[in-house]
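# Residue-level structure breakdown
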Amino acid sequence: GQHTQALRTLNSLLRKYPRMDFAPRALYMSARISEQIASMDSLKHAAELYDACARQSDELRIKATIRKAAVLLRMGEHEESERILTHMLRKEENLRSQDKVKAYAVLANNKALLGTGEGRREAVAIAAKELEDPALPRWWKFRALLHHATLCARADMFAEALKDYEQVLAMQPATGAN
C-alpha cells in the first residue's frame, strides 16, 4: 500500500532528476522503504540502493554501508555482511561514535545468529566494543548497554546482563512519566 506508493514516487523523482542534490537522500529513503517491505526481492533491491547511495554521497556513505550490511544479514548473507563491516571498521579512521555503535551492533547480531554458544560469546565481546568510546553520547550508551545486556542474557551470562541493566537504571533514563 503506502510503502509501494512512496517507493514509486521516489523512483519517479530519481528518474526525472537523477543528478539533483537530493538524489542520494532519495536513494537512501527508497532503500529504507524497500527494507521495510521485507520481501527477499525488496531486500535485494534495498542492498543495491544502499550501495548506490554509498557510492554517490560522502555524507551518507557510512550510514548506507551499515544499513546494507544489516540488510545482507537479514537475507542470510552473514559472511558478506561481516566482511563489509569489518572492512569499514578497520579502514574508516573518523567514524562517529554512533556509527561505531551501529556497526558493532550489526556485527554482534551477525555472530549471535550463528546460534552456537561460541557465536553468542563472540557477539557479547563485539557488543562490548560498542561501550569503549568514552565520548559516546548518553542515548547511544543506553542503547549499547541494553544491546550488550540482551546478548549477555542470550549467552547465559546473567550476572553481566544484570550489571548492564543496573548501569542503565543508574543513569536514570526518561520513562515518559517525567
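Description of the structure in this document. What you see is a predicted model; the values in this text were computed from it and never measured.

Rules used throughout
- All residue numbers here refer to positions counted from 1 along the written sequence of the relevant chain.
- Local features in this predicted model are restricted to residues of pLDDT 70 or higher, and side-chain atom pairs are both shown and tallied only at a pLDDT of 80 or more, whereas totals for entire chains, interfaces and linings draw on every residue.
- Side-chain calculation: all heavy atoms of the structure are included, whereas hydrogens and water are not.
- Side-chain atoms within 4.5 Å link the members of a nonpolar core, which is a set of buried Ala, Val, Leu, Ile, Met, Phe, Trp, Tyr and Cys residues.
- Note on classification: 1.4 Å probe, protein chains only; a residue is buried when its accessible area is under 20% of the maximum for its type, exposed when over 50%, partly exposed between these limits.
- Helix and strand labels come from DSSP, where a helix needs a run of H or I of at least four residues and a strand needs a run of E of at least two; each type is numbered from the N terminus.
- We call two residues in contact when some of their heavy atoms are within 4.5 Å.
- Centres within 6.5 Å make a pair out of two Phe, Tyr or Trp rings, where for Trp the six-membered ring is used; the pair is then stacked when the planes are under 30 degrees apart, edge-to-face when over 60, and tilted otherwise.

## Comments concerning the nonpolar core
Core analysis: the biggest nonpolar cluster contains 47 residues, and Tyr50, Ile66, Val71, Leu85, Met88, Val106 and Leu151 have the highest contact counts within it. If you list the elements that add at least two residues to this core, you get helix H1 (2-16), helix H2 (23-37), helix H3 (40-56), helix H4 (61-74), helix H5 (78-91), helix H6 (97-112), helix H7 (117-129) and helix H8 (138-154). Discounting residues that sit within four places of it in the chain, Ile66 has contacts with Leu85, Met88, Asp99, Lys102, Ala103 and Val106.

## Structural notes on unusual backbone geometry
Residue Ala38 is not a glycine yet carries a positive backbone phi of 70 degrees. Structurally, Ala38 can be placed in the loop between H2 and H3. Ala38 sits in the partly exposed class, given a relative accessible area of 36%. Located in the positive-phi region is Asp156, a residue other than glycine, with phi close to 60 degrees. As for its placement among the helices and strands, Asp156 is situated in the loop between H8 and helix H9 (158-170). A relative accessible area of 59% means that Asp156 is categorised as exposed.

## Focus on the packing of aromatic side chains
Tallied over the entire structure, the rule returns 2 aromatic pairs. On the basis of an interplanar angle of 70 degrees and a centroid distance of 6.3 Å, the ring pair of Tyr17 and Phe22 is categorised as edge-to-face. With relative accessibility at 34%, the residue Tyr17 sits in the partly exposed group.

Such coordinate-based values are descriptive only and should not be taken to indicate function.
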